[in-house]
Each structure stands twice: as C-alpha cells, then as structure tokens.
Amino acid sequence: MIEFKNITKKFGKLQVLEQVDLSINKPGIYAILGPNGSGKTTLIKCLLGMTIPTSGQIFVDGQDTKGKWEFRNQISYLPQIANFPKNMTVTELLRLIKTLRKQASAEQPLIDVFGLKPYLNKNMGTLSGGTKQKVNLVLALMTDNPIVILDEPTSGLDPLALLELKKLIKIEKEKGKTILITSHIMSLVEELSDEIVFLLEGKIHFRGTVDALKTKTQTVDFDEAIAQILKPSHV
Amino acid sequence: MLRIFLCIILLYSQLNVFAQTVRVCKTCELKTLQAGIAQAKSGDTLHIEKGIYKEHEVIVDKPLTIIGKDYPVIDGEMIGEIIRVISDSVTIDGLFIKNVGTSYTSDFAAIRIKRSKHFLIQNLKLETLFFGIYLEKSDDGIIQNNYIKGNAKVEYQSGNGIHLWHCKNVQVLNNKIYNVRDGIYFEFVNNSLVQGNVSINNLRYGLHFMFSNNDIYKDNYFEDNGAGVAVMFSKFIKIENNTFKKNKGAASYGLLLKEINDATISNNIFQENTIGTYLEGCNRITYANNNLIQNGWALKMMGACFENKFIHNNFIGNTFDVSYSGGNTTDNRFDYNYWSEYAGYDLNKDGTGDVPFRPVKLFSFITTKVPESIILIRSSFVDLVNFSEKVSPVFTPEHVSDSFPSMNKF
Amino acid sequence: MFKIFRYSLSDLLRSSWSYFYFSFYLLLGFGLLFFNPDVSKSVITLMNIIVVFSSLIAVVFGIMYYYNSREFIELLLAQPIKRSDIFIGQYLAVSVSLSLSLLLGVGIPFVIYGVADADLVKNFLVLMTAGIFLNFIFVAVAYNIALYHENRIKGFSYAILFWLFMTLIYDGLFLISLMMFKEYPLEKASLAATLFNPIDLSRILILLRLDISALMGYTGAVFKNFFGTTLGLTIALFSLLIWVILPVLNIYRKGNKKDF
C-alpha cells in the first residue's frame, strides 16, 4: 500500500533521512516515533510530496508518487501546526477544502463532536489554538480516504476532545484504513497503535508491535521501553 | 465748392468708362492669359473664365486686375516661371496655378512680383510648385487668403511658399501654406505685417526671417515644420499671439532667435516642441505672457544674451524649463512666472511663492555633456541629483532664478 | 489554480490592507485631480508615485502575503492539487488585488473628474499599464525571494534591497557609467540597459507620453527610431511582459522543487 524505497533526504549538509526502506502493506494504525529531529515529520512530508526526497522512491498503491498529485486523493492529512488564513471563516475554509478535494465529505458530525458550531462564521484569526486544532481535525477527517496521516493530532486539545479523537481514530481503523500517527503522548500511542516505527538519526531503528518493543527492551512500561531503546546499548 | 466736387465725380465716371473688362476663355476670341494681357489697356480688368490654360512666362507689364472665375487653371507644365508682374498696381485674384518648373539655377515661382508697388495677390490656389509667391524689391502690397500646397521632398529641390526679398510695407495675411521648403521667407523686409497665416508641415522653416526690422507677426499658426520658426539678425520686431507647435527633432525649434534686439514676444503658445524658444545673442527682449507647454526645453539660452526680461509666462509640464549656457550675462531677469515644477509655498498669500524657483536643473547640464543620459529623466536617481543641486547649487547659475514665482497660472 | 486564485483573492479583498491601499490611491487621486489647479502637474506627480510606490508596496506585500500564508500553503500542499497551482494561484491573487486597488483608487477620481479629455484618458491608460505591470513584476519577484528564503527577515531585506536597487542604485550606476564612457557610442547600450530594469521600462512608457519632445532632441538614429515610432512602446511592453513571465516561470519551477 505504502512503500518507501531507499529514501534519503538532505537539507543542505544536514542529513535527515538516510536510506529509509519501509513498506506498509496491511491496514492498521502505525505510530511513527522518535526523538526531536529524528525525521518523523520529514518522512510524512515526503510521503505527501511536500518535501522532495534527495534520492529514492515512494510508492502509493504501487504508483511512483514523484511529480504526481492525484495520489493525494487517497490521503487525509492533519498538519502539525495549523495556521490558517486569518480573514477566512471556518465555513469558508471547509468549503475550500471540499471544493479542492471534490469528494463526498461528512463534516457535520465532526463539527458536532468538537462543538464547533458557534465558531463556524468566525474568522480563523480570532480562534484559540485548541479550536484551530479542532477545525484542523475536521478538515482532515471529513473525507473518507484509505490513508490517514495525523501529525501530532493531540496538540492543544482539551481532555474531552482528546477522548473524542481517540474514538474517531478507532472508528477509522475499523473501516480498514491505514493510519499513520506521530505523537508525544505515549499513552495514546500505546493504546492505539498496531505497529511502531521508531526513527533515530534518519534511520529506522525499530519496527514492530508495542509488545515486541517491550520484549526487546525487557521492560513492562512503554515509556520505559522508549527510554531504553534510546540508550547506547540498544543503538 | 460744389462745382469742384461735381468735377471730381465727373472725372471718376469718365475714368470708369475708359477702364474696360476683357474676357478670356477657351471659346473666346482671347484664348490665353498672355493674349488677354496684350489686348488689355492699363487699368483694365481681365476676366479669366473656367478652363485650363497651359501657359508660362506670362508677363504682366501694365496695371491690371486679373480675376479668375471659378478658379481657372494656369498650368505651367513644369517648364519655368508662370506669371511675372513688373508693373505697379496689379491685382491677381482667384487663379489656380500649378506645375511650376524646378531649376537649380533660377528660382522659378508661380507668381513673381519684381520692383512693383501697390499689388494685391489674393485668393489663389497654388499647387505643385517650386517657389510660390516671390516678391523682389516690391513695396506697399498685400498678399492674402492664398492656399499654397507644395510637394517638397528634399531641400535643394524645393522652394518657399511666400518669399520676400528687399521689400517694405507688405501685408501677408491669412494664407495657408503646406509642404514647401520655408512657409514664409523674409529677407531684408521692413515695416511689414504677417498675420493670421497657417504654416504646417514644411520641410525646413514655417517662417524664416532675416535682416528684417520693425515687423509684426501675430495670430499665426506654425506646426510640425522641420526646423520650426527661425528669426535672425533683426531689430524691433513684435511676435504676438502666435502658436508654435509640435516641432520635434534634434534641430527643431518652436522659435529660434538669433541676434535679435529689442523685440517683444508675447502671448504666444509654445507647445510640444523639442525646444520651445532658443535664444542666442539676443538683447533687450521682452518675453511676456507666453504659454510654454510640454516642450523638451522650454527656453534654451545659448550665450551672448543680455538684459532680456521673462515675465508672466506659464511654464507647464516641460521636461526642462530653462537651459542656460555660459556666456550670458547676469542681467537676464526671470520674474513673476508660473512654473508647474515649483514646489514652494506662499505663506503670506500674496500669490507669489516665498522661496525663489531655480528653473535650471543640474540634469540638463548632464544631458548636454552626455546626450544619451536623457533616457534617465524622471528616474528617482535623477530627481535626487536635481534635488541635491537645488539645495546647494554648485553647477547651475545662481542668478537664474525667479524670486517671485507665481502660485497660479496666468 | 482558479480555485486557489479565487479563494486567495476573496481573502485579500477583505483584508484591511486592501482597503487601506485602495483609500490611499483614492485620496491621492481626488487630492491631485480636484485640489490642484494644474492637471498636467497632477499627472506627473501621480506617475512618480505610482512607479516608485506601487512597486514598493507590491514587493513588500507580496513577500508578506507569502510568509503569512506559509501554513496555509502547507495545508494546500497536502490536498490533491498541483503544487504549482498553489503558488501561481496565490501570486495571481496578490497581483490582481493590488492592481484592483490601484485601478479603482485612481480610476474613480479620474472618472468623476471627467474622461472627456482624450489626453487625460491616454495618460490614465499609460499610468495604469505601468502600475499593473509593476504590480505583477514585483509580486513575482517577491514570491521568488520568499521561495528561496525561509528566514523572513532575510526575505524582507532582500525584497527591499531589490526595490531600492531598481528604483535608485541601478539608475545611479547607469548614469555614472554613461558619464565614464561618454567618448563611446552609447545609444544602443543605454537603451539595452533600460530593458533590464522594470522600473526604467515603465518609466519609458511614461516618457513616451510626457517627454517625447525632449527625447526627439537627441540626434542618434537608434533613439529616433525607438522613440519616434511605435517601436519603443512595443519593445518596452514586450520587455515588461518578459519581466513578468521569467519570474513566474521560476515560481513554477521552484514551487515544484521546494521542500515544506
């Protein structure tokens, strides 16, 4: 379904990804983890075609994505920092994305879930960070696509919304989608993910289930396991 | 008393009986102009009927009135001169004269008046000509309402529309002249009047004028002439109410003045000329109430100009208002003019700006040194250069300044 | 592309910036046309302001808009649309909104003042052509600078520097070199030099209206041919078009390559 083949990305002298090979063939929830600067977001952006790899190829459904844009029809994406045009209202933004995607979309339930109704006619510039993130989530999840990418979906969310988000992700999973998540909230990762892809210094350092990670690091606690894997003995 | 009066009346009517009308037409007894003149007696009137008369070298040697009916055509067939007047008191009216011969050695004209007085040349149409109306040592006459259209291509193969040489007391009125070498040409012509003429599209000058004193030029219109209007080596002339327009080119002037003394130039319009008025060696000229609009250089003073006065003129939208070269004395005055470039203020509300205006820009000096730099006019850098020069003049003459620049157009 | 253009334009047309910019020209237009006794003087002032000021606003506003919509661009980049459409669409929206402010801001006073005077209408058309070209050129340049520089301060500095170079420094160097090499034939060189500066090019459009009498005073045949016929106008317009096309092509190229 998704395949990274020998992906290398350099920003000038800085090497961010180094010959990454990763294939995701089954539906499920994949958590992409790693310390700051390990290349998580870059990997996701490469997949979306927002960042162009220095070398290597990426296939979505067996199609090379280089220079293409149509494959993005199959991907829902939640960007990390949601900063929208200040003079646009929420409704307008929704309408824009809807016209751009030309897909059936179900934003109404999401609006209700996140309680965005009172904000629909407000300009984006006037919204708080959390509300913006909710709008961001609505935009990402309102269309029905086989691949869902969520980059730090929890940032700025209140506990109630977080709970709703978890539910939503689970529902998406039930539909048989492939979901990629990056997050710093380890409990969320532990609870949701089927598999973990751990990036370190631009390479895949570990790939497997949460349990496999725990076994490998001989810990019972997930946080502990993550801390262990970063230790030199495991590197 | 009454007897004397009756006698005079009687004498006049007697004269009228003697003066006869001679008809010339294609079916008449007299078939040519030449024959008509030969037949007529002094003081007779010749009526030329409509038709085409192929004639040249027609000599008018007695006082006659020659009148064309419905513009009979006198066709010179490109051979030589067509009509020559060598007698006083000749009137020529209403002829269509064409095809004057071209020569490199003789100045063939449609009509030449030689050493004659009291002539009246009017309502003629002249086409395809070398010289049009050529006056030679002739005085006290009128040339009016003529239409002259040449086909001048190069200077040495073309002549002038109305050419006066050594004349006085001549009036040149309301003529229209196109496409000749010089529209109106004056050399050694004194005490004459040029009024209401239109001179357009001539190869060299609309009006060309030398060694002629005490003349008046008014209400004339000059447009798009190769070199504009040139007035040289003359004294006591008045140039009033004329329009000088669209004379564009490297050697093209609205009005070129060279060695002119004691002239008055007033109420004229100089518009869209490369150089509005050019002065060289001119003294005691009063230049007042003129409109200088959108010229390249409104005034160019090129040396040896003394005691000239520029007053109450409107300088509007010219690229350069005044260009001033060395060699002019400091007694040329610019006062009470309106300058559209003036950016000063009038706090005491007396209608004149409180700070003097300096019409000479540094950049106009630069363009004389490096002509190509003209392409940079109105660029911010040039504005900056001009501004800094305005603040502390180094290159531009300090005395060329209008101390009482008017805040409003006249 | 058209969707991005439409959305960005409606976004821009509601921003207070556009209103401010529009009112600036409106006030300027009214002030110059109605409270100045001399129309030809007003036109000259207006021309100076449009050449210098609209290019400055275009480059500053262009770069500001890009930086401010950076995250929005990222949002769009994840959508199933062509990358270049985003940049070109936004670029067109910024250029068109600035041009609308200019066109209406100056146009309304002109229309109210009366368009009966054919000369005034021609001057207005030349003014607008020059102004609109400058908007499209300087916004394109701003987008180029922004695409190459993530650092806003750097981007801003380069944008201002570019404007300063084109309005002032270029002509200064130009004039100095003309004076240094005055022994040589400079006619073609000086015409060629103007082609490389969009400010000079739009100035030429205006000179052809205002200073043609002075320009015809130059003796050289090349100048005469350039300014005396429609050749000059054609070349100037064509060069301005090139000045739009080249940076836009590079926005297209760089937009497809750039990492976000």
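One can find the structure itself at the top, above this paragraph.
Everything numeric in this text was worked out from a predicted model, so none of it was measured. (Residues numbered from 1 in each chain as written. Chains lettered and ligands numbered in written order. Predicted model: local features only at pLDDT ≥ 70, side-chain atom pairs only at ≥ 80, totals over all residues.)

Enquirer: Provide a residue-level description of the pairing of strand β2 (residues 45–48) of chain B, including the pertinent values.
Expert: Residue and element names in this part refer to chain B. On β2, burial follows the alternation: Leu-46 and Ile-48 on one face are buried, whereas Thr-45 and His-47 on the facing-out side are not. As paired strands, strand β1 (residues 21–24) and β2 are joined by four bridges and run parallel to one another. Its bridge partner lying in β2, Val-22 is registered against Leu-46. The handedness of the β1 to β2 crossover, carried by helix α2 (residues 33–39), is right-handed. Two strands pair when backbone bridges link them, and β2 and strand β5 (residues 65–68) are joined in this way by four bridges, in the parallel orientation. Its bridge partner lying in β5, Thr-45 is registered against Thr-65. (Buried ≥ 20, exposed ≤ 12 C-beta atoms within 10 Å, placed from the backbone. Helix = DSSP H or I, 4+ residues; strand = E, 2+ residues; numbered from the N terminus. Pairing = 2+ DSSP bridges. Right-handed = clockwise from strand over helix to strand, strands pointing away.)

Enquirer: Mind laying out the nonpolar core, listing which residues take part and the relevant values?
Expert: A:Val138, B:Ala110, B:Ile111, B:Val229, C:Tyr91, C:Val139 and C:Ala142 are the most contacted members of the largest nonpolar core, which has 252 residues in total. Counting residues per element, this core draws most heavily on helix α6 (residues 118–148) of chain C, at 17 residues. The residues touching C:Ala142, leaving out its near neighbours within four places in the chain, are C:Val59, C:Gly62, C:Ile63, C:Tyr66 and C:Ala159. (Core = buried A, V, L, I, M, F, W, Y, C linked by C-beta atoms within 7 Å. Contact = placed C-beta atoms within 7 Å.)

Enquirer: Any details on the interface of chain A and chain C? Residues and values, ideally.
Expert: The interface of chain A with chain C comprises 23 residues on the first partner and 20 residues on the second. Every element with two or more residues in the side of chain A that touches chain C is listed here: α1 (40–48) and α2 (90–101) of chain A. Looking at the side of chain A that touches chain C element by element, the count peaks at five residues for α2(A). Residues that form the side of chain A that touches chain C fall into these classes: 14 nonpolar, five polar and four charged. (Nonpolar A, V, L, I, M, F, W, Y, C, P; charged D, E, K, R; others polar.)

Enquirer: For the sheet that holds strand β2 (residues 14–24) of chain A, give the residues involved together with the corresponding values.
Expert: All names here are of chain A. Taken in spatial order, the four strands line up as β2-β1-β4-β5 in an open sheet, and their pairing is antiparallel. Each end of this open sheet is capped by a strand with a single partner; those strands are β2 and β5 (63–64). Here two bridges tie strand β4 (residues 55–60) to β5, and the two strands are oriented antiparallel to one another. For Phe-59, the partnering residue across the bridge sits in β5 and is Asp-64.

Enquirer: Outline helix α5 (residues 159–174) of chain A, listing residues and values.
Expert: All names here are of chain A. With 16 residues, α5 ought to run about 22 Å at 1.5 Å a step, and its terminal C-alpha atoms sit 23 Å apart, in line with that. Among all positions of α5, only Leu-165, Ile-169 and Glu-172 are buried. Buried residues in α5, looked at end-on, bunch into an arc of 60 degrees, giving them a common side. Away from the buried face of α5 by more than 90 degrees, exposed residues Pro-159, Leu-160, Leu-163, Lys-167, Ile-171 and Glu-174 are located. Considering only its buried residues, α5 is in contact with β3 (28–33), α4 (129–141), β7 (147–151), β8 (178–182) and α6 (186–192). Looking one or two residues past α5, Gly-176 carries a phi angle of roughly 85 degrees, positive in sign. (Expected span 1.5 Å × (residues − 1). Arc of directions from axis to C-beta.)

Enquirer: Give a detailed account of the packing of helix α2 (residues 16–34) of chain C against helix α5 (residues 83–113) of chain C, specifying residues and quantitative values.
Expert: Two measures define how a pair of helices packs: the angle their axes make with one another and the distance between the axes. Residue and element names in this part refer to chain C. At a minimum axis distance of 8 Å, the contact between α2 and α5 shows a crossing angle of 25 degrees. What the angle tells us is that α2 and α5 run roughly parallel. Taken as a pair, α2 and α5 cross one another with a handedness that is right-handed. Where α2 abuts α5, its residues Ser-18, Tyr-21, Phe-22, Phe-24, Tyr-25, Leu-26, Gly-29, Phe-30, Leu-33 and Phe-34 lie against Ser-97, Leu-98, Ser-101, Leu-102, Leu-104, Gly-105, Val-106, Ile-108, Pro-109, Phe-110 and Tyr-113. Each residue belonging to the contact of α2 with α5 can be placed in one class, and the counts come to 16 nonpolar, five polar and no charged. (Axes fitted to C-alpha atoms, helices over the stretch in contact; angles between N-to-C directions. Parallel < 35°, antiparallel > 145°, perpendicular 65-115°, else oblique. Left-handed = near helix turned anticlockwise from the far one by under 90°.)

Enquirer: Explain the arrangement of the chains residue by residue, including any values.
Expert: Contacts are most numerous between chains B and C, considering all two pairs of chains that are in contact. Taking C-alpha atoms as the reference, chain A and chain B come no closer than 36 Å and do not contact one another.

Enquirer: Tell me about the packing of helix α7 (residues 210–217) of chain A against helix α8 (residues 222–229) of chain A, residues and numbers included.
Expert: All names here are of chain A. In contact at an axis separation of 9 Å, α7 and α8 are set at 60 degrees when each is read in the N-to-C sense. In terms of axis orientation, α7 runs oblique to α8. Judged by the twist between their axes, the crossing of α7 over α8 is left-handed. Where α7 abuts α8, its residues Val-210, Leu-213, Lys-214 and Thr-217 lie against Phe-222, Ala-225, Gln-228 and Ile-229. Counted by class, the contact of α7 with α8 contains five nonpolar, two polar and one charged residues.

Enquirer: Go over the sheet that holds strand β4 (residues 58–60) of chain B, please, and point to the residues and values.
Expert: Neighbouring strands of a sheet are bound in pairs by backbone hydrogen bonds; such pairs are parallel or else antiparallel. All names here are of chain B. Strand order in the open sheet made by the twelve strands is β4-β7-β10-β13-β16-β19-β22-β25-β28-β31-β34-β37, with parallel pairing throughout. The open sheet has two edge strands with one neighbour each: β4 and β37 (320–324). Looking at each pair of strands side by side, their axes are set apart by 10 degrees on average, direction ignored.

Enquirer: So what about the interface of chain C and chain B? Which residues, and what values?
Expert: Taken together, the contact pairs 32 residues of chain C with 31 residues of chain B. Elements with a minimum of two residues in the side of chain C that touches chain B: α3 (39–68), α7 (152–180), α8 (187–195), α9 (198–210) and α10 (212–215) of chain C. Looking at the side of chain C that touches chain B, the element that brings in the most residues is α7(C), giving eight residues. Here the side of chain C that touches chain B is built from residues that sort into 16 nonpolar, eight polar and eight charged.

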